[in-house]
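# Topology and contacts: notes
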Amino acid sequence: LHGRAAYVALGTRDEPGTSLLTLTSPTGGVLVMEVPHGTAWEDIVTIEESMRPVLLGGYHGTWAAAGALRGRALSRAELAEHGLSLGAGVVMPLRPGMCPLEETARIVRYLAEESAGRCGPCLNGLPALATAVERIVAGLPDPGVEKLAGYLVGRGACAHPDGTVRMVRSALLAFPDEIRAHSEGTCLMSRLTGASV
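Figured I'd write up the structure that's included with this text. Quick caveat: nothing in here was measured; it's all calculated off a predicted structure. (Residues numbered from 1 in each chain as written. Predicted model: local features only at pLDDT ≥ 70, side-chain atom pairs only at ≥ 80, totals over all residues. Heavy atoms only, no water.)

### Brief notes about the overall build of the chain
Along the chain, the regular secondary structure elements total nine helices and five strands. Each helix and strand of the chain, ordered N terminal to C terminal, gives the series α-β-β-α-β-β-α-β-α-α-α-α-α-α. A globule of 197 residues ought to have a C-alpha radius of gyration of about 16 Å, and the chain, at 18 Å, matches this closely. With respect to the three principal axes, the spread of C-alpha positions in the chain is 60 × 45 × 30 Å. (Helix = DSSP H or I, 4+ residues; strand = E, 2+ residues; numbered from the N terminus. Rg over C-alpha atoms; globule rule 2.2 N^0.38 Å.)

What follows is the structure in C-alpha cells.
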C-alpha cells in the first residue's frame with residue numbers, strides 16, 4: 001500500500017491514520033514519534049509516567065490527572081469525552097516529585113511574560129491570572145481564578161489568552177485534592193516525596 005491507502009490502513013475504523021506526538025522526558029530530552037490512533041498510552045509513555053499528571057497539547061493544552069491515561073488509547077474523540085485535548089500533539093508527563101499546581105503557576109507566569117502585550121487580556125489579564133494561580137499555590141483564599149478566566153476568553157486579539165485559560169481550567173478540574181492540600185498549607189507531592197513545601 002502507498003499514499004492515502006497506507007495511511008488509512010493504520011489507526012482505527014473511527015479514527016484512521018496516525019498522530020504526530022512530541023514527548024518530553026524527565027531528563028529534558030524530546031522525542032518525536034508518529035503513532036497510530038488506538039495505540040495504548042502505556043505504549044507511548046512509560047507506565048510510571050502514565051501514573052503521573054500529564055499535560056497534553058503543550059502550554060495551551062489540558063492536564064490529565066494522575067492515572068487518567070492508564071488503560072486508555074490514543075483517541076482524540078475519547079480524550080474529548082474526558083475534557084482533554086491532544087492539541088498540537090505535545091505530551092508532557094510531570095517529572096517525579098513535581099507539584100502540578102506549581103508547574104501550572106510557572107507556565108502561566110511564563111505565558112504572561114511572553115505575550116506581545118498588545119491587548120488588554122494579554123497586557124493585564126494574563127499577569128493577573130498568573131498571580132491568581134500563584135495565590136492558590138501559596139494556599140491563600142480563592143482568588144477568583146474562574147471569574148478572571150471568564151473575562152479573558154474570546155477577548156484577545158489572538159487565541160493566546162484562550163489557550164492559557166484552557167490549561168488553567170483543566171488544572172482546576174484535574175487537581176482538586178492538590179488545591180485542597182495547598183489551602184491547608186501542604187502539598188500532596190511533598191507528602192509523597194518527603195520534601196518540604
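### Observations regarding the sheet that holds strand 1 (residues 18–24)
Taken in spatial order, the five strands make up an open sheet running 2-1-5-3-4, and their pairing is mixed. Each edge of the open sheet carries a strand with a single partner, namely strand 2 (30–36) and strand 4 (62–64). The average undirected angle you get between the axes of adjacent strands in this sheet is 25 degrees. In the sheet, strand 1 pairs with strand 2 via seven bridges, with the strands oriented antiparallel. Directly across from Thr 22, in strand 2, lies its bridge partner Val 32. On top of the sheet, helix 7 (residues 160–174) reaches strand 3 (54–56) and strand 4; it is set at about 25 degrees to strand 4, its chief contact. (Pairing = 2+ DSSP bridges. Axes fitted to C-alpha atoms, helices over the stretch in contact; angles between N-to-C directions. Contact = heavy atoms within 4.5 Å.)

### Some remarks on the pairing of strand 5 (residues 90–93)
Side-chain direction in a regular strand flips from residue to residue, so the side chains alternate between the two faces of the sheet. Where strand 1 lies against strand 5, two bridges are found, and the strand directions are parallel. Bridge pairing links Thr 22 to Val 90 in strand 5. By the bridge criterion, three bridges tie strand 3 to strand 5 in an arrangement that is antiparallel. From the neighbouring strand, Val 54 faces strand 5, where its bridge partner is Pro 93.

### Comments concerning helix 6 (residues 145–152)
Every α-helix carries 3.6 residues per turn, so stepping three or four residues along brings you back to the same face. Burial in helix 6 covers these residues: Val 145, Leu 148, Ala 149 and Leu 152. Buried residues in helix 6, looked at end-on, bunch into an arc of 105 degrees, giving them a common side. The inward-facing, buried residues of helix 6 abut helix 5 (120–137) and helix 7. A positive backbone phi angle near 75 degrees is found at Gly 154, which sits one or two residues after helix 6. (Buried < 20%, exposed > 50% of the residue type's maximum accessible area, 1.4 Å probe, protein only. Arc of directions from axis to C-beta.)

### Observations regarding helix 5
Its 18 residues give helix 5 an end-to-end C-alpha distance of 25 Å, which sits within 8% of 26 Å, the value for a rise of 1.5 Å per residue. Where helix 5 is concerned, the buried positions are Pro 121, Cys 122, Gly 125, Leu 126, Leu 129, Ala 130, Ala 132, Val 133, Ile 136 and Val 137. Tucked into the core, helix 5 has its buried residues touching helix 4 (100–114), helix 6, helix 7 and helix 8 (176–183). Gly 139 lies just past helix 5 and shows a positive phi near 80 degrees. (Expected span 1.5 Å × (residues − 1).)

### Notes on the state of the cysteines
What the rule picks out here adds up to zero disulfides. This cysteine, Cys 158, is not joined by any disulfide, and Cys 122 carries the nearest cysteine sulfur, 5.1 Å off. (Disulfide = S-S within 2.5 Å.)

### A closer look at the side chain of Thr 39
Relative to the elements of secondary structure, Thr 39 occurs in the loop between strand 2 and helix 2 (47–50). Beyond its immediate chain neighbours, meaning those up to four positions away, Thr 39 contacts Ile 44, Arg 72, Ala 73 and Leu 74.

### Thoughts on the nonpolar core
One finds Trp 63 and Leu 129 to be the most contacted residues of the largest nonpolar core, which totals 33 residues. For this core, the secondary-structure elements that each account for two or more residues are helix 4, helix 5, helix 6 and helix 7. Looking at this core, the element that brings in the most residues is helix 5, giving eight residues. Membership of the second largest hydrophobic core comes to 15 residues, among which are Leu 21, Val 54, Ala 64 and Leu 79. (Core = buried A, V, L, I, M, F, W, Y, C linked by side-chain atoms within 4.5 Å.)

By themselves, these observations are geometric and do not establish any function.
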